[in-house]
Amino acid sequence: MKKTLTLGLLAAAIASSGMAHAEDTKIAFLGGFTGPLESLTPPIYAGAKLAIDQVNAQGGNITLLKGDSTCADATAASNVADRMVNSEKVVALVGPMCSGATIAAANNAAIPGGVTLISPSATSPALTDLNDNDLGYRTAPSDAYQGVMMANMLMAKGINEVAITYVNNDYGKGFAEALEAAYTKAGGSVAANEAHEDGKADYRAELGSLASSGAETLVVLAYADGSGQTIIRQAMESGDFAKFVGGDGMVGDKLIGALGGDVDMIATKPGSPELAGKAPFVEAAKAAGMDPDAVFSAQAYDAAFIIALAIEKAGSADRAAVAKEIRSVASAPGEEILPGEFDKAVAAIKAGKDVNYQGASGNHEFDAAGDVPGVIVEMAIKDGQFVEMGVLK
């Protein structure tokens, strides 16, 4: 009986020491595998998967599930999040990708279930004010900032007047409002700022209204596989506009192929600053056959890696314990951990040290709302593909 008691105490000690990772820990990636961002989703998922593959190769034991939250169906996003939280019993979520889907998944599943959610690409300013019990984060900057950077880019290029069309959802509306406010403050003129519904086959009426404003440049704040593609194609066919500008949802090479490659277009997207975490991610991504510059791929990597570090720091897969450690593993002070350095982080944590993750897409010092500043880069079409032209200031 004494021997049995000793073994029982030993088992309990092991279970509470972080060695409980012998049991599989589940997290899930929720993304728009179908819908208006389906061509952008695979490299974003690949970024998250790369992080978990590296963690598991260094002694971790995390299963990365995936689910289709679409990008236009809040009900689908809520349903897949509910399945992951309540049936699969995941510890945390990477995603969803789009703002409306993220808000729906958070309100209907993640927050009630006490599950941490880190979106790599939901950029609507509305997420800043989400009542999320400190469970909601994002590794991409808000469009409140991207709107300012786009306005600066336009003015620097001498584009003093634009018409804006935006997809009628949280992403489009928030981006359009931020852009108009910053652009007019800088001296630009918004000749028209009109919403459109996603999923239509014909936007000629909307384009006629926008073109009647007299602006020669059309800003399209929509999705590359959805309304954005159709609007630009029909605008090119009608000759209504000479130049196009897109937000991050439009940055996909499939868009260029669909338009025939001959489109005068610039865009903005969140990028990766030249900090310590960028180079190891780029090297690992290339080794895995990934494009390290794919939109939001680095942000997805960081979201997944931060969650893995929080699980390790918590010493268990308890949801509340993991949520408590998200900020601590990504903030100073602490031993600096770069992408891929999971074993170094484990050693530091076992030694009782704090860790400070320096990410692939920036140093994620989350503010009280779970936001990060990040950087925005200019994109342009060169030789039939989007290329980065530099960080916007």
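Model, not experiment: these values are computed from the prediction.

What counts, and where the lines are drawn
Residues numbered from 1 in each chain as written. Predicted model: local features only at pLDDT ≥ 70, side-chain atom pairs only at ≥ 80, totals over all residues. Heavy atoms only, no water. Pairing = 2+ DSSP bridges. Helix = DSSP H or I, 4+ residues; strand = E, 2+ residues; numbered from the N terminus. Axes fitted to C-alpha atoms, helices over the stretch in contact; angles between N-to-C directions. Contact = heavy atoms within 4.5 Å. Disulfide = S-S within 2.5 Å. Buried < 20%, exposed > 50% of the residue type's maximum accessible area, 1.4 Å probe, protein only. pLDDT = per-residue confidence, 0-100. Salt bridge = Lys/Arg side-chain N within 4 Å of Asp/Glu carboxyl O. Parallel < 35°, antiparallel > 145°, perpendicular 65-115°, else oblique. Left-handed = near helix turned anticlockwise from the far one by under 90°. Polar contact = N/O pair within 3.5 Å; in protein donor to acceptor, adjacent residues only side chain to side chain. Nonpolar A, V, L, I, M, F, W, Y, C, P; charged D, E, K, R; others polar.

Taking strand neighbours across the sheet as the criterion, the 5 strands line up as S2-S1-S3-S4-S5 in an open arrangement whose pairing is parallel. Each edge of the open sheet is held by one strand with a lone partner, namely strand S2 (62-68) and strand S5 (136-138). Across the sheet, the axes of successive neighbouring strands diverge by a mean angle of 25°, strand direction being ignored. Where strand S1 (residues 25-31) and strand S3 (residues 92-94) come together, 3 bridges link them in parallel fashion. Paired with Ile27 across the two strands is Ala92, which belongs to S3. Across the sheet, helix H3 (residues 74-87) touches S1, S2 and S3, and the angle it forms with S2 is around 155°.

Here the focus is unusual backbone geometry. Residue Pro96 is bonded to the preceding Gly95 through a cis peptide linkage, with omega at -5°. On the secondary structure map, Pro96 appears in the loop between S3 and helix H4 (99-113). Following Ala332, the chain continues into Pro333 via a peptide bond in cis, with omega recorded as 0°. Mapping Pro333 onto the fold places it in the loop between helix H12 (319-330) and strand S11 (335-337). A positive phi is found at Lys89, a non-glycine position, where the angle reads about 60°. Considering the arrangement of structural elements, one finds Lys89 in the loop between H3 and S3. Despite not being glycine, Phe296 has its phi angle at roughly 70°, a positive value. Relative to the elements of secondary structure, Phe296 occurs in the loop between helix H10 (278-287) and helix H11 (297-314).

For the rest of this paragraph, the subject is the state of the cysteines. Summed over all chains, the structure comprises 1 disulfide. The partner cysteine of Cys71 in its disulfide is Cys98, sulfur to sulfur 1.5 Å. Measuring the twist about the S-S bond at about -75°, one finds the Cys71-Cys98 disulfide to be left-handed. With a gap of 27 residues between them, Cys71 in the loop between S2 and H3 and Cys98 in the loop between S3 and H4 connect regions that are remote in the sequence. Note on Cys71: relative accessible area 6%, which makes it buried.

Before going further, it helps to spend a moment on the confidence of the model for the protein chain. With 94% of its residues at a pLDDT of at least 70, the protein chain reaches an overall mean of 93. Across residues 1-22, confidence stays below pLDDT 50; counting only partners more than four residues off in sequence or on other chains, it has 11 contacts.

Inspection of every chain in the model, using the stated rule, returns 17 salt bridges. The shortest N-O distance in the salt bridge between Lys26 and Glu88 comes to 3.0 Å. With Lys26 in strand S1 and Glu88 in the loop between H3 and S3, this residue pair connects regions lying 62 residues apart in the sequence. Assessed through its relative accessible area of 27%, Lys26 is described here as partly exposed. Among the charged side chains, a salt-bridge network with shared partners connects Lys26, Arg83 and Glu88.

With that settled, consider the sheet that holds strand S7 (residues 189-196). Across the sheet, 7 strands lie side by side as S7-S6-S8-S9-S10-S13-S14; this open sheet has mixed pairing. Single-partner strands in this sheet number two, and they are S7 and strand S14 (385-391). Geometrically, the sheet is characterised by an average inter-axis angle of 25° between neighbouring strands, direction not taken into account. In this sheet, S7 lies alongside strand S6 (residues 161-167) in parallel orientation, the contact comprising 7 bridges. Looking at the pairing, Tyr166 lines up with Ala195 of S7. Each of S6, strand S8 (217-221), strand S9 (243-246), strand S10 (265-271) and strand S13 (375-382) is contacted by helix H5 (residues 143-156), which is oriented at about 145° to S10, the strand it contacts most. Set on the sheet, helix H6 (residues 170-185) makes contact with S6, S7, S8 and S10; between it and S6 the angle comes to about 165°.

Quick look at the environment of Asp129 now. Along the chain, the position of Asp129 falls in the loop between strand S4 (116-119) and S5. For Asp129, a relative accessible area of 67% corresponds to the exposed category.

Looking now at the packing of H11 against helix H13 (residues 342-350). With their axes 10 Å apart at the nearest point, H11 and H13 run at an angle of 25° to one another. Looking at the two axes, H11 sits roughly parallel to H13. Considering how the two elements wind past one another, H11 and H13 form a crossing that is right-handed. Between H11 and H13, the residues in contact are Phe305, Ala308, Leu309, Glu312 and Lys313 and Phe342, Ala345, Val346 and Ile349, respectively.

This paragraph deals with the side chain of Ser272. Within the fold, Ser272 resides in the loop between S10 and H10. Polar contacts involving the side chain of Ser272 include one to the main-chain carbonyl oxygen of Ala360, which spans 3.2 Å.

Attention now goes to the packing of H3 against H4. In helix packing, the relevant descriptors are the interaxial angle and the interaxial distance, both defined with respect to the helix axes. At a minimum axis separation of 8 Å, H3 and H4 run at an interaxial angle of 30°. One element, H3, and the other, H4, form an angle in the roughly parallel class. Judged by the sense of rotation from one axis to the other, the crossing of H3 with H4 is right-handed. Residue-level inspection shows Ala74, Ala77, Ser78, Ala81, Asp82 and Val85 of H3 in contact with H4, the latter providing Ala101, Ala104, Ala105, Asn108, Ala109, Ala110 and Gly113. Here the contact of H3 with H4 is composed, by residue class, of 9 nonpolar, 3 polar and 1 charged.

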